[in-house]
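Read off the chains here:
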Amino acid sequence: MVKFIRAMCVVSICLLSAVVFAAERSNLSLEKNSRVLWSASSELKVEVQKPVLTCKNERSKFNIDKPEESTYGLPLIIEEKTDESVLPVEVKLKSHTAKAESILLTYDVSSDWPVNIEGQYHVSLSSASDSDELYYEAELDFDFPVRADLEVRNEFEVKDSSASKMVCPERDGQLRVYELTPGKYGTYGALRYEMGAKAASGLSSRQISLESTVDPTQHLYGWDEDIPKEFSGTPVLGPMMQIPVVHEQFRLTRNELGIPVFGLEFEKGDKKQHLAVSVDPYCGAYLQSVPKKQSTSITVSTTYHGQTVPLKKEDRTVLLEFLPENGKELTEPECVDAMLNSFYKTIPEIQPGPEWTDQIHLVYYDFLSDGGEGWYKGLRHLADKIPEKYRDRAAVCIHGWYDYFQQYAYDHSKGELIDQWTAMQGTGKISMSLEQMHKRIKFSNDLGFHTLLYFADGTNSDSGAPEFSPDYLWRNKKGISVPGWKGPDSKGQPLRMDPAVPEVREWFKGYLKALIKEYGQEVDAFVWDETYYILPNTISYAQDVPTYSDREMITLTAELTKIVQDNRENPDLAFLVSDNGRNFNALAAHGTFQDSAMRPYIWGPSMFINYRNCLWSCLWYPVTSPDYNRHSAELGFPQGVSNGAGNNKGPHQMPQDLLDRIIQRFIKNVENDKKRARYFGINGEPVSCSSLNNE
């Protein structure tokens with residue numbers, strides 16, 4: 001026997017069909033079944049079905065006598081074992097209003113939960129009368145935090161056409177195509193975009209891990225790490241380039257998306273019609289397509305784990321776009337390009353990276369080498385090797401210029417940079433000043449290079465810094481903070497800060513504004529290193545209420561990117577991140593300059609995340625790993641030289657025959673206008689699309 005303690009839960013849901021831009025004719029209509037029909041100009045029709053909400057509650061961790069002490073919030077009380085912990089939430093149409101340019105549907109939602117919960121779910125649908133794009137913008141808003149897992153399924157059905165293929169940009173950098181067949185024993189497609197405590201997993205998955213899938217206490221990339229001494233030199237084929245996988249996190253599973261979009265191909269007579277389905281990157285999602293005999297169902301669902309992170313307010317953007325007909329297969333580069341670029345319409349607030357970033361074929365990192373003088377010697381030597389007309393195809397970065405992690409020669413109380421400071425607190429203790437920084441930047445600019453400024457080492461703070469704050473630190477469920485990499489630029493133990501802490505977010509935004517004010521007219525980009533510290537599906541317990549660390553990190557990235565975009569006096573200024581192919585912050589930035597040492601097996605997992613923007617890597621071991629440069633050049637990625645770490649030999653110090661080969665490949669790629677590989681095709685071949693973001 002099963003006994004339930006019940007109370008009615010009522011949630012009002014509003015479905016808004018937003019402004020239709022041509023008042024004389026709308027391609028959105030309310031049907032008799034209370035669903036919305038979208039008639040695209042492609043002649044296909046899509047039925048927007050009412051959302052489906054399902055909740056799941058844990059049985060074992062609810063204290064009925066002291067509910068405020070319940071870790072997992074508001075579950076059913078079940079006396080005996082049962083599988084009935086998954087509860088459908090009933091959605092009933094309460095009223096509807098149709099106007100010339102909008103449709104309003106109001107739903108009541110009820111469920112037998114043990115407390116009354118009230119809230120709203122709004123969905124705004126928009127599509128111009130002659131458009132092949134349908135925007136589906138949803139907002140879930142409860143009156144008070146809900147401590148129960150809730151799955152929200154947004155469902156669509158393409159009428160009178162069964163999809164035959166599903167094309168997927170997968171996490172390892174390879175494009176894959178799956179044949180779809182209807183029927184009882186047919187095949188359907190299901191994909192995951194991982195973020196937000198396994199929001200893509202749904203309610204039925206077992207043992208959902210709410211900690212990072214990779215041990216966050218282990219720094220996997222550092223100066224002292226042993227990198228492979230030999231390289232097989234095999235042809236560049238496949239997403240992993242036939243290089244042994246070194247780290248477990250790159251044993252990526254199939255059907256995990258590298259960018260949250262997929263494509264469907266429909267065959268109607270002699271025509272091939274393509275539909276791109278995408279969702280915004282700010283939370284995980286489960287995307288599914290099921291072909292039927294005469295239609296195709298599409299589901300975009302997100303599971304919010306309110307049992308761990310209380311659910312208060314969430315929003316999502318889903319976009320369906322029928323792509324222009326060209327008679328080609330969806331796997332052709334031109335069609336793939338249209339499909340992938342459809343995704344970026346879900347984040348119109350993030351602009352593409354400046355055009356110059358996609359033209360770089362050589363990068364140089366100087367970690368305040370040779371007591372600070374290596375910058376001048378190395379760049380002068382590079383200038384002697386590179387013809388002046390090609391120097392703007394090289395980007396050089398000033399690293400190690402600051403005083404401490406998390407301070408970066410910035411006075412947050414005044415909102416400005418300080419005039420003088422000591423850099424390399426852990427070792428060299430080099431005197432620096434604003435005047436010297438401007439001198440360094442001018443020296444590089446006068447030589448014709450693009451000059452970049454190191455922004456920060458991920459969310460690292462320095463326990464030896466005067467302004468160090470333990471309240472800023474990321475902590476796991478046991479209250480343990482996580483160390484970051486310690487190098488010559490830190491005095492104490494670096495510890496990772498929590499991007500969900502409001503004061504941390506405000507500090508980063510204030511710091512960036514101060515940098516732009518001081519250097520924004522002189523430098524070409526700011527480089528946020530080690531942004532991979534916050535891994536997908538990581539939860540922080542640093543504050544009173546747990547938070548999604550990965551989601552907080554990507555939204556902070558977006559906020560910083562928009563600050564750079566607002567600098568109208570230098571429209572070519574870029575904000576770059578360093579995800580190392582391990583998370584998705586680059587989707588909300590202008591590109592990537594990552595610290596992956598050009599390891600070949602990391603290019604693949606970084607590709608789709610950086611599809612429309614630049615993808616670079618530094619190389620701290622250009623002397624002992626020359627093949628990494630060679631293979632990077634073959635794929636069209638920039639080669640790298642460096643000084644101040646790793647081999648610690650700048651351009652003027654490294655073997656000159658080796659430098660000459662790097663420069664020769666650089667000049668060849670510049671003169672041939674070589675485009676980098678954007679992804680690996682269905683046969684494993686590198687694909688360089690001709691239709692890029694700035695063309």
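Keep in mind that this is a model prediction, so the values were computed, not measured.

Some thoughts on the overall build of the protein
Helix and strand counts for the protein stand at eight helices and 36 strands. Evaluated residue by residue, the protein yields a buried proportion of 61% over its 695 residues. Considering only contacts within the protein whose residues lie at least 6 apart along the sequence, 74% involve residues at least 24 apart.

A look at helix H2 (residues 374-385)
Over its 12 residues, H2 runs 16 Å from end to end, which matches the ideal 16 Å to within 8%, given 1.5 Å per residue. Turning to H2, its buried residues are Gly374, Trp375, Tyr376, Gly378, Leu379, Leu382 and Ala383. Packed against the buried residues of H2 are strand S19 (362-367), strand S20 (394-399), helix H3 (434-447), strand S34 (639-643) and helix H8 (656-671).

A short note on the sheet that holds S34
The strands making up a sheet associate through hydrogen bonds between their backbones, and the pairing can be parallel or antiparallel. Here six strands make up an open sheet; going across it, the order is S31-S28-S25-S20-S19-S34 and the pairing parallel. Here the strands that pair on one side only, and so sit at the sheet edges, are strand S31 (574-576) and S34. Between one strand axis and the next, the sheet turns through 25° on average, direction left out of account. As defined by bridge partners, S19 adjoins S34 across five bridges and the pair is classed as parallel. Bridging across to S34, Asp366 finds its partner in Asn643. Together, S19, S20 and S34 form the strand contacts of H2, whose direction differs from that of S19 by roughly 160°.

Overview of the nonpolar core
In terms of nonpolar packing, the biggest core is built from 134 residues, with Trp401, Phe455 and Phe526 touching the most fellow members. Residue contributions to this core peak at nine residues, all from helix H4 (residues 502-519). Excluding residues that lie within four positions of it along the chain, Phe455 makes contacts with Tyr408, Phe508, Tyr511, Leu512, Leu515, Phe526, Val527, Trp528, Leu560 and Phe575. Residues Val146, Ala163, Leu257 and Phe266 belong to the second largest nonpolar core, which totals 46 residues.

Things to note about the environment of Pro466
Take Pro466: it is sitting in the loop between strand S26 (460-462) and strand S27 (494-496). On a C-alpha basis, the gap between Pro466 and Tyr404 in space is 8.8 Å, while along the polypeptide they are 62 residues apart. In contact with Pro466, other than residues within four places in its own chain, are Tyr404 and Gln407.

A short note on the packing of helix H7 (residues 626-635) against H8
Interhelical geometry of H7 versus H8 gives an angle of 10° and a closest axis separation of 10 Å. Relative to H8, the element H7 lies roughly parallel. From H7, Pro626, Asn629, Arg630 and Ala633 reach across to H8, where they touch Leu658, Ile662, Arg665 and Asn669. The class makeup of the residues in the contact of H7 with H8 is four nonpolar, two polar and two charged.

Remarks on the side chain of Gln425
Summarising the element assignment, Gln425 is placed in the loop between strand S23 (420-423) and strand S24 (430-433). Not counting chain neighbours up to four residues away, the residues in contact with Gln425 comprise Asp403, Tyr404, Pro488, Ser490 and Lys491.

Re the confidence of the model for the protein
Per-residue confidence for the protein averages 82 on the pLDDT scale, and 79% of its residues sit at or above 70. Segment residues 1-25 is flagged for pLDDT under 50; beyond a separation of four residues in sequence, or across chains, it makes 104 contacts in the model. In this model residues 690-695 is a low-confidence stretch, pLDDT under 50, and it forms 15 contacts with partners more than four residues away in sequence or in other chains.

Things to note about the side chain of Asp462
Checked against the element boundaries, Asp462 lands in strand S26. For the buried residue Asp462, which engages in no salt bridge, the nearest side chain bearing the opposite charge is Lys486, 5.9 Å off. In this structure the side chain of Asp462 is engaged in a polar contact, spanning 2.7 Å, whose partner is the backbone nitrogen of Lys491. Here Gly492 takes part through its backbone nitrogen, which lies 2.7 Å from a polar atom of the side chain of Asp462.

Things to note about the packing of H2 against H8
Running from N to C, H2 and H8 cross one another at 60°; their axes reach a closest spacing of 11 Å. The angle between H2 and H8 places the two elements in the oblique class. Crossing handedness for the pair H2 and H8: right-handed. Facing H2, whose interface residues are His381, Leu382 and Lys385, H8 presents Gln656, Leu659, Asp660 and Ile663. Partitioning the contact of H2 with H8 into residue classes produces three nonpolar, two polar and two charged.

So, the packing of aromatic side chains
What the rule picks out here adds up to 32 aromatic pairs. Considering the side-chain rings of Trp528 and Phe575, the 6.0 Å spacing of their centres and the 50° angle between planes classify their relative orientation as tilted. Here Phe575 lies in strand S31 and Trp528 lies in strand S28 (residues 525-529), a separation of 47 residues in the sequence. Overall, the relative accessible area of 0% leaves Trp528 in the buried class. For Phe575, a relative accessible area of 0% puts it in the buried group. The cationic tip of Arg496 hangs over the ring face of Tyr533; the distance from NZ or CZ to the ring centre is 4.0 Å.

Here's the deal with the environment of Gly426
With respect to the helices and strands, the residue Gly426 is situated in the loop between S23 and S24. Separated by 66 residues in the primary sequence, Gly426 and Gly492 place their C-alpha atoms 7.7 Å from one another.

Description of the environment of Ala525
Looking at the element boundaries, Ala525 is found in strand S28. Under the relative-accessibility criterion, Ala525 is labelled buried at 0%. C-alpha separation for the pair Ala525 and Ala395, spaced 130 residues apart in sequence, amounts to 9.5 Å. Residues in contact with Ala525, not counting those within four places in the same chain, are Trp356, Thr451, Leu452, Leu453, Leu573, Ala574 and Leu576.

Re the pattern of salt bridges
Scanning the model with the defined rule gives 31 salt bridges in all. Between Arg171 and Glu256 there is a salt bridge; the shortest N-O distance is 3.9 Å. Of this pair, Arg171 sits in the loop between strand S11 (163-169) and strand S12 (175-179) while Glu256 sits in the loop between strand S13 (189-193) and strand S14 (261-268), placing them 85 residues apart in sequence. An identical accessibility class is assigned to Arg171 and Glu256; each is buried. The partner of Arg505 in a salt bridge is Glu552, and the shortest N-O contact between them spans 3.0 Å. Of this pair, Arg505 sits in helix H4 while Glu552 sits in helix H5 (residues 549-565), and the two are 47 residues apart along the sequence. By sharing partners, the salt bridges in this structure join Lys165, Glu265, Glu267, Lys272 and Glu329 into a single network.

What counts, and at which threshold
Residues numbered from 1 in each chain as written. Predicted model: local features only at pLDDT ≥ 70, side-chain atom pairs only at ≥ 80, totals over all residues. Heavy atoms only, no water. Helix = DSSP H or I, 4+ residues; strand = E, 2+ residues; numbered from the N terminus. Buried < 20%, exposed > 50% of the residue type's maximum accessible area, 1.4 Å probe, protein only. Contact = heavy atoms within 4.5 Å. Expected span 1.5 Å × (residues − 1). Pairing = 2+ DSSP bridges. Axes fitted to C-alpha atoms, helices over the stretch in contact; angles between N-to-C directions. Core = buried A, V, L, I, M, F, W, Y, C linked by side-chain atoms within 4.5 Å. Parallel < 35°, antiparallel > 145°, perpendicular 65-115°, else oblique. Nonpolar A, V, L, I, M, F, W, Y, C, P; charged D, E, K, R; others polar. pLDDT = per-residue confidence, 0-100. Lys, Arg positive; Asp, Glu negative; His and termini not counted. Salt bridge = Lys/Arg side-chain N within 4 Å of Asp/Glu carboxyl O. Polar contact = N/O pair within 3.5 Å; in protein donor to acceptor, adjacent residues only side chain to side chain. Left-handed = near helix turned anticlockwise from the far one by under 90°. Phe/Tyr/Trp six-rings, centres within 6.5 Å; stacked < 30°, edge-to-face > 60°. Lys NZ or Arg CZ within 6 Å of the ring centre and 35° of its normal.

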